[in-house]
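Structural characterization, general
Letter by letter, the chains look like this.
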Amino acid sequence: MREETCVQLENAAVKIQSWWRGNMVRRTLLHTALRAWVIQCWWRSMQAKMLEQRRRLALRLYTCQEWAVVKVQAQVRMWQARRRFLQARQAACIIQSHWRWHTSQTRGLIRGRYEVKASRLELDIEILLT
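Counting restarts for each chain, with residues numbered from 1 along the sequence as it is written. Only residues with pLDDT of at least 70 get local features here, since the model is predicted, and only at 80 or more are side-chain atom pairs given and counted; chain-wide, interface and lining totals rely on the full set of residues. Computation of side-chain values covers all heavy atoms of the structure but excludes hydrogens and water.

The name given to the protein in an unreviewed UniProt entry is IQ motif containing F6, with the source organism recorded as Felis catus.

**Remarks on the pattern of salt bridges**
The working definition used for a salt bridge is a side-chain nitrogen of Lys or Arg within 4 Å of a carboxyl oxygen of Asp or Glu. Under the criterion given, the structure shown has one salt bridge. A salt bridge links Glu52 to Arg56; the shortest N-O distance between them is 3.4 Å. You can see Glu52 and its partner Arg56 sitting in helix H1 (residues 2-106), four residues apart, about one turn around the helix. Note on Glu52: relative accessible area 34%, which makes it partly exposed. Relative accessible area serves as the criterion here: at 52%, Arg56 is assigned to the exposed category. In this text, helices come from DSSP runs of H or I with a minimum length of four residues, and strands from runs of E with a minimum of two, each type numbered from the N-terminal end. When a residue's accessible area, from a 1.4 Å probe over protein chains only, is under 20% of the maximum for its type it is buried; when over 50% it is exposed; and in between it is partly exposed.

**So, the packing of aromatic side chains**
Put simply, two rings from Phe, Tyr or Trp (the six-membered ring, in Trp's case) pair if the centres are within 6.5 Å, and we call them stacked under 30 degrees between planes, edge-to-face over 60, tilted for the rest. Applying the stated criterion across every chain, the model contains two aromatic pairs. Seen from their ring centres, Trp19 and Trp20 are 6.3 Å apart, and the 45 degrees between their planes marks the pair as tilted. Among the residues examined, Trp19 registers a relative accessible area of 52% and is labelled exposed. A centroid spacing of 6.2 Å and a plane angle of 45 degrees characterise the contact between Trp42 and Trp43, whose relative ring orientation is tilted. Judged by relative accessible area, which is 43%, Trp43 ranks as partly exposed.

Structure, rendered in structure tokens:
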């Protein structure tokens, strides 16, 4: 019986050792899986941060481009308005110079009187040069 007891004890020891090794393997696998999960969570959060940074950069670039377009449009509209103003001012100066030349050539007063009669209009105009 001694040998049977030794075999039983050896079998029991083998079972205990295999149970212990199984526990150790499962624990190691659990720790490895948890570590992998932590690394995956960290990586996903980093990817989300990088994506958000890219979105913000794209938005900043878009707003800068839009602002530049608005500035260019404002400059063009200002240039057009100034050009129209300068053309109108030049036209006014030409009209004024022609009017001044015309008034300097006539330099007189036009006086007149008129009468309306039943059949005709009598008009008497007198031009005085001063």
